[in-house]
Each structure stands twice: as structure tokens, then as C-alpha cells.
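# Fold and contact review
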Amino acid sequence: MKKAIKAASLGAFALAGMMGAAAPSAATELRFAVGSPPNSLGDKAANHFKEKLEEYSGGETTVKVYPLSLLNLLESNNGIRDGIADIATVLWPYFLTEYPETNLIAEAASMSELLEGDRQQATLAYLGAMIEYVAMHCPECTAEAKAQNQVFLGGLGTSSYVLQCMKPVTSYEDLQGLRVRAGGAWWSRWLTGMGASPVSLSINETFEGLNQGILDCTASNPGDMTQFGFIDVISDVTVGVPGSSFAFAMADINLDTWQSLDEEQRGHVLRAAAALSGDGIMAYFHDGRENIEEKAPERGIEIHQADEDLLAKSREWIAADLDALAASYEERFGIENAKGKLEDLRKLVDEWMPRMEGIDDREALAEVLWENVYSKLDLKTYGM
């Protein structure tokens, strides 16, 4: 009889616990909880995963996607752990104490800004290296996920962040005292280092913050301009700063679910995970490029390039911050040899640079990720 998986409700899990059952019971469908709304980039990436998994498995394993209905982004970590969903998105920076080793790697995304050459290629190189590092070279990251009853599947990251503002901002002087929404600790530090005032607001509150004059700018990826409606209120966009990428797990899978799959099924899931990462990452890049090159100018929004002085100050600050990052994580979380881990990550980024040359569609990116990461995972031992 064909073997598959079912994610149970909390009540069913409680009953299973009383009966001594540790793993989900057999069924044919995986439940994928996406913490973003229908038709968002996350929802589309999850549905691409669904299509590819059903294709690779010949329909033996199916997926039902729940966009912003089963778990929100704050609930996702515990939701996978408790079996409310089989698969869900986990934004690592939301769970610093649970994922310090993984967040060290995610917060080092700014190293892509120090690479010479094409910006897209540099960011893609970091994201490929991040996925490889977390999946293949970081037993501490694996242990963090396992402690949450999870296995890492699909990594994702945004294109390089830009400033989306209510007035022109091109220089270091322009930034002084500006109230700018920061979407994470790194951007908050960068804004402070550049003389601006970081404001902590959720992404869902940012539109009103701009519209009501609470914010002068938001530091966000270009895709958010249309995803969250900023394009309807901002007047200016500055590219080149602050940079960096928001890296996270687009898909972690419940550990009990993963371990109940046979090796063939795990192989299908990993092949689909490569497609998931390829789709989601490239969607951020394509949407962002379209927003900056076409949609924003059509609305009369001015596109600016950060001036050379601001770019130089930013790069100098990024290099110093990366040096301080390791010491900070060692002190705050007791991570051992954090500096060495960041050096290992940087070596991987350098290896990924030539691999990402000319990559500009989801199929090509998925193939590179499959060839260099997912196909190399041992189906007998990964996540076991």
C-alpha cells in the first residue's frame, strides 16, 4: 500500500500522544502553511513546489498550500514543531534564541555588498552559499532545526535592499535624522551607522507609516514596492544602499513527517525544494527589477543612485560590521568560532560567484542549486 503523510490538527496530535503515537499517520497529502497572503511571492513559490513535487513523484505525494490561513509568520516555527502543518516558512530573524547559529549566517548576507561585479550575481552567490552552508556544513544549524522538530528544506532570500522614500535621498547628509523603517537588526545598525533613525514597524504597518508621515523612508527590497503597496505613496527610490538580503527558510518540514518518508519520497521532496528556492529567489529579483525600471517610473517616482561618498561610507561600515558580528554572536549566544564560520561562508560565496554568472530564470537557478547542494544530500542520513 502506498505510504504518505498527513499533518494532524492539535487535537488529533493530543489524542495520538495519549495513544503513544509519535509520528503522523499515513495519508497522501502534505500541508504547506505560507505566512503570506494569496498571490504573494511566497504563495506562488509554495504552489510551484506543489506542482514540481507532484510531477517528480508521479502524483504519489500531493501538497495543499495554505496562504495566511493555517499559520502566520509568527506562528510558523511552533506550528511545524507541533505538527499543525507538515511544511511552513520560518523567518529565522523572528526566532533569534531558537536559531542563533543559523541567524549568524543569515545576518552575514551583507558580505555580498563587498564583492566586485554584478549586484544580482553577488547576491545570488551569497544565497547559494547560504543554502549550501545551512544544509551541508553546519551541524549546529541542523541541531537547531531538529530541536524545533524540523528539517531545513528550501532557503530563500530577497534581492538587495533599497531606500523607498517620501523625498530624494542620495547622500550621507540626506540621511541624517531621517526616520526609516528597518526590517531587521542589520538594517537598524546600518541606519544608525549612517546617521538615520531606525524605526521598528512590521511590514504590514509600513504603508501607513509612510502615508501618515511617521516614516521618511523604508529600507526594503524592491519587490515590496508592489507587494505591500509602497509604490502608491512613495516619491523616490535610492538604489545602491543599504543593500544586503533578507535570508530565511521558505520551507522547513516537520521532523516526524520527514522521517516517515522513504528515501525515494525524500529525493522527490528535495528535488522540489530546489525548484522552490529557484522560483522564490528569482521572483524577488524579477519583481524588483520591474518595479524599479518600469512600474515606479510610470508612476512618476524618481529613481536615484546613491552618491559615491555614501557608497564608500556604506562599504566601510559593512566591513566593520561583519568583523563585529562574530564577536557579538559569540558574546550573546555563546557561539564558538563565529569568525571562522563567517570566513568559511565567505569562501563558499567566492565559489558560488562563477556558478551564478548569467543566472536569471528560476529553472537555471533551481538546476544550479540541485547540482551543488540538494543532489549531494544523503537521503539515508539527512535530517535523521
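Residues numbered from 1 in each chain as written. Predicted model: local features only at pLDDT ≥ 70, side-chain atom pairs only at ≥ 80, totals over all residues. Heavy atoms only, no water.

### Some points on the pairing of strand 5 (residues 162-165)
The two faces of strand 5 match: V162 and Q164 on one face and L163 and C165 on the other face are all buried. Here strand 5 runs beside strand 8 (residues 217-220); their pairing, made up of 4 bridges, is antiparallel. Bridge assignment links Q164 to a residue of strand 8, and that residue is T218. Note that strand 5 and strand 9 (residues 236-242) share 4 bridges and pair antiparallel. Residue pairing in the sheet places Q164 in a bridge with V237 of strand 9. (Buried < 20%, exposed > 50% of the residue type's maximum accessible area, 1.4 Å probe, protein only. Helix = DSSP H or I, 4+ residues; strand = E, 2+ residues; numbered from the N terminus. Pairing = 2+ DSSP bridges.)

### Overview of the packing of helix 4 (residues 100-107) against helix 6 (residues 139-147)
Relative orientation of the contacting elements helix 4 and helix 6 amounts to 125 degrees, with a least axis distance of 7 Å. Here helix 4 is positioned oblique relative to helix 6, judged by the angle of their axes. Where helix 4 approaches helix 6, its residues P100, E101 and T102 are matched on the opposing element by E140, C141 and E144. Here the contact of helix 4 with helix 6 is built from residues that sort into 2 nonpolar, 1 polar and 3 charged. (Axes fitted to C-alpha atoms, helices over the stretch in contact; angles between N-to-C directions. Parallel < 35°, antiparallel > 145°, perpendicular 65-115°, else oblique. Contact = heavy atoms within 4.5 Å. Nonpolar A, V, L, I, M, F, W, Y, C, P; charged D, E, K, R; others polar.)

### Considering helix 2 (residues 41-56)
Between its first and last C-alpha atoms helix 2 spans 22 Å; for 16 residues at 1.5 Å apiece the expected length is 22 Å, and the two agree. Of all the positions in helix 2, only L41, G42, D43, A45, A46, H48, F49, K52 and L53 are classed as buried. Downstream of helix 2 by a residue or two, G58 has a phi angle that is positive, lying close to 65 degrees. (Expected span 1.5 Å × (residues − 1).)

### Section: the pairing of strand 4 (residues 150-157)
The buried fraction of strand 4 is high, at 8 of 8 residues. One ladder, built from 7 bridges, connects strand 4 with strand 10 (residues 247-254); its direction is antiparallel. Counterpart to G154 in the pairing with strand 10 is A251.

### Looking at the confidence of the model for the protein chain
Averaged over all residues, the pLDDT of the protein chain is 91; the fraction at 70 or higher stands at 93%. Segment residues 1-27 is flagged for pLDDT under 50; beyond a separation of four residues in sequence, or across chains, it makes 46 contacts in the model. (pLDDT = per-residue confidence, 0-100.)

### Observations concerning the sheet that holds strand 3 (residues 87-90)
Strands sit in the order 2-1-3-10-4 across an open sheet of 5 strands; the sheet is mixed. The open sheet terminates on both sides in strands that have one partner only, identified here as strand 2 (62-67) and strand 4. With direction set aside, neighbouring strand axes in the sheet form an average angle of 25 degrees. Running over the sheet, helix 12 (residues 263-298) touches strand 1 (29-34), strand 4 and strand 10 and is turned about 30 degrees from strand 4.

### As for the pattern of salt bridges
This structure, assessed with the given rule, holds 18 salt bridges. By sharing partners, the salt bridges in this structure join E101, E140 and K341 into a single network. (Salt bridge = Lys/Arg side-chain N within 4 Å of Asp/Glu carboxyl O.)

### Here's the deal with the state of the cysteines
In this structure the tally under the stated criterion is 2 disulfides. Sulfur-sulfur distance for the disulfide between C138 and C141 comes to 2.1 Å. Its S-S torsion of about 75 degrees marks the bond between C138 and C141 as right-handed, since a negative value means left-handed. Across the pair, exposure class does not vary: C138 and C141 are buried alike. A sulfur-sulfur separation of 2.1 Å characterises the disulfide bridge that pairs C165 with C217. Across the S-S bond of C165 and C217 the torsion is about 105 degrees, and the bridge reads as right-handed. Placement of the pair is C165 in strand 5 and C217 in strand 8, with a sequence separation of 52 residues. (Disulfide = S-S within 2.5 Å.)

### Digging into helix 14 (residues 338-355)
An α-helix turns once every 3.6 residues. As a result, residues three or four positions apart point the same way. Relative to the 26 Å expected for 18 residues at 1.5 Å per residue, helix 14 spans 26 Å between its end C-alpha atoms, a close match to the ideal helical length. When helix 14 is considered as a whole, its buried residues turn out to be A338, G340, K341, L342, L345, L348, V349, W352 and M353. Buried positions along helix 14 lie against helix 4, helix 5 (119-137), helix 6, helix 13 (308-333) and helix 15 (362-372).

### Details of the sheet that holds strand 9
Pairing is mixed in the open sheet, where 6 strands are placed in the order 7-6-8-5-9-11. Edge positions in the sheet fall to strand 7 (197-199) and strand 11 (302-305), since each has one partner strand and no second. Adjacent strand axes in the sheet meet at a mean angle of 30 degrees, parallel and antiparallel pairs treated alike. In this structure, strand 6 (residues 179-181) lies alongside strand 7, joined through 3 bridges in parallel fashion. The partner of R181 across the bridge, within strand 7, is V199. Set on the sheet, helix 8 (residues 185-193) makes contact with strand 6, strand 7, strand 8 and strand 9; between it and strand 9 the angle comes to about 100 degrees. Together, strand 9 and strand 11 form the strand contacts of helix 13, whose direction differs from that of strand 9 by roughly 40 degrees.

### Overview of the packing of aromatic side chains
Evaluation of the coordinates by the stated rule reveals 11 aromatic pairs. Both rings, one in W187 and one in F246, keep their centres 6.3 Å apart while their planes meet at 20 degrees; by these two values the pair is stacked. Of this pair, W187 sits in helix 8 while F246 is found in the loop between strand 9 and strand 10, placing the two residues 59 residues apart along the sequence. When sorted by exposure, W187 lands in the same class as F246, which is buried. Centre to centre, the rings of F246 and F248 are 5.8 Å apart; their planes meet at 50 degrees, and the pair counts as tilted. A single burial state applies to F246 and to F248, both of which are buried. Through a chain of ring-to-ring contacts, three or more aromatic side chains come together here, namely Y161, W186, W187, F246, F248 and W317. (Phe/Tyr/Trp six-rings, centres within 6.5 Å; stacked < 30°, edge-to-face > 60°.)

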